[in-house]
Amino acid sequence: MSLSEVAHLSQLQLGKFEVSFDEIKKQREYVSFAKTVLESRFGGETPLAFVHTFGCQGNVSDSERMKGWLSQMGYGFTEVIEQADLVLYNTCAVREHAHDRVYGNVGALKPIKEKKPGMIIALCGCMMQQEHVWQKIRKSYPYVNLVFGTHALHRLPELMYKVLCGGKRVFEVENCDGYIAEGIPVRRDGSFKGWLPIMYGCNNFCSYCVVPYVRGRERSRSSLAVLAEAKELIASGCKDITLLGQNVNSYNRDGGDLNFAQLLEAINNIEGDFRIRFMTSHPKDCTFELLDTMARCEKVSKHLHLPFQSGNNRVLKEMNRGYTREKYLSLVEYAKKVMPDISLTSDIIVGFPGETYEEFRDTVSLIEEVEFTSLFTFIYSPREGTKAASMPDPVSRKEKGEWFRELTLAQEKIAAERCKKMLGQTYRVLCEDYADGRLSGRTDGSVMIDFDGDESRVGEFVNVKVTSCRNWTLSGEII
Ligand code: SF4
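What this report covers is the structure whose coordinates are included nearby. (Residues numbered from 1 in each chain as written. Predicted model: local features only at pLDDT ≥ 70, side-chain atom pairs only at ≥ 80, totals over all residues. Heavy atoms only, no water.)

**Things to note about the pattern of salt bridges**
Within the structure shown, the criterion is met by 30 salt bridges. A salt bridge links Arg-442 to Glu-432, with the nearest nitrogen and oxygen atoms 3.2 Å apart. Taken together, the residues Arg-442 in strand β16 (residues 438-443) and Glu-432 in strand β15 (residues 426-435) connect sequence positions ten residues apart. Both residues of the pair, Arg-442 and Glu-432, count as buried. Each of Glu-64, Arg-65, Glu-182, Arg-188, Arg-221 and Glu-229 takes part in a single network of salt bridges with overlapping partners. (Salt bridge = Lys/Arg side-chain N within 4 Å of Asp/Glu carboxyl O. Helix = DSSP H or I, 4+ residues; strand = E, 2+ residues; numbered from the N terminus. Buried < 20%, exposed > 50% of the residue type's maximum accessible area, 1.4 Å probe, protein only.)

**Quick word on the site of the ligand**
Contacts to the ligand come from Cys-202, Asn-204, Phe-205, Cys-206, Tyr-208, Cys-209, Val-211, Pro-212, Gln-246, His-282 and Arg-321. Its residues placed into classes, the shell around the ligand shows seven nonpolar, three polar and one charged. (Near = heavy atom within 4 Å. Nonpolar A, V, L, I, M, F, W, Y, C, P; charged D, E, K, R; others polar.)

**Topic: unusual backbone geometry**
Glycine aside, a negative phi is what most residues show, and trans is what most peptide bonds show. Following Met-279, the chain continues into Thr-280 via a peptide bond in cis, with omega recorded as 5°. With respect to the secondary-structure elements, Thr-280 resides in the loop between β11 (275-279) and α10 (288-296). Positioned with a positive phi, Asn-320 is a non-glycine residue whose angle comes to about 60°. Locating Asn-320 in the fold gives a position in the loop between α11 (313-318) and α12 (325-338). With a relative accessible area of 41%, Asn-320 lands in the partly exposed category.

**As for the sheet that holds strand β10 (residues 240-244)**
The strand order β7-β10-β11 describes an open sheet built from three strands, whose pairing is parallel. On the outer flanks of this sheet lie β7 (193-197) and β11, each paired with one strand and no other. Going from strand to strand, the sheet's axes swing by 25° on average, the running direction of each strand aside. The pairing of β10 with β11 spans five bridges and is classified as parallel. Following the sheet pairing, Ile-241 is matched in β11 by Ile-276. Sheet strands in contact with helix α3 (residues 57-73) are β7, β10 and β11, and its direction is about 95° off that of β7. (Pairing = 2+ DSSP bridges. Axes fitted to C-alpha atoms, helices over the stretch in contact; angles between N-to-C directions. Contact = heavy atoms within 4.5 Å.)

Encoded structure:
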């Protein structure tokens, strides 16, 4: 979005979360200042940045915006860390091993920085929004130059300028409800698949989840901004747009011209050959209106990722999820009625504190009833500062591991049956990857298929007939 469009948008609807036009203008000035410093420091050579993203698609999308800023400052990009003049890790706080990986990666930078003292090391994202984390970085990793939280992304040019000029460590970890910043340049990772954030933050406070603490309150981008970005993506050849938000179903819940179903329809009505996906949906806010809209809109993928987390009502209540097993199943029933070919996927937590084996079995029975295409299953791990982290948790990790395997086996059986039913059918597939003479891509329902084909077709839609299935993996041929 251009500066004049931001100015126009700001005048039209500067919401309480919106970063002002003047602030974005100021950041653009910092871009020029930083660029001048970098030009004189590198004598006209292009400084290189290594940007690595941990975690979810929301983080990937944030990184694309930060790469947009860096690119405007004059940075090029490298995949080789030793070549980098700037290393930026965009971190994730959702899972414990993500924390460990970040600390491990930052530790591994120490000898590299010793050899290359001018290298700037910057850490950002959800983990850096947690006080115990940035305090640890401040104390134990003195070679880290810049730390900033999720709410300071739009101020990256200013923060980089401070680091470049001041030579001091910069920590910017304001704890607030969050912002919406329009007018940040985007450097996209892919040409035919695009992430499109429609909202940020979360108000749900599920008892196991750290997101509301690190991503701030729920806030929706204006439909004007979302539609403008969707049009930009489509005009640039994007074929697969994924709308992003922690809880897309509550888009504009606090007011605004379009609700989520209406936004989906408005994007569907943009001319062009493309597919629309969205994530993540919360069952609490999923409506029949949304399911009807999905059914009606030909460009909206008939795939619904609707995390149920547990099939047991007591556990759901302890998780503070705000729906029951029955409500979830009624949504599934309606979705299947209006979209008989719908593909359903979900997230599940196994071994929530206090969960019994009998309660866990309710989760297994739910997946058997729904027949999901695939599942993202996790063994519960406590996140510091959440309510669940202080709940009694008597079941051992070993026992939870056995439950996990039981669930995985049940799902593999379901997925294999579903795949068998796809044999001989033809699906429209977007060619996404190529290796050794084989293309691969996802169907509308997000099922991966591989097939013979030429690399030049990557980014194209093709019709693929499924010719074989091994357990839950599909192969086919272009027809
Ligand atoms: S809906 Fe629940 S699980 Fe999802 S981000 Fe919000 S608090 Fe976390």
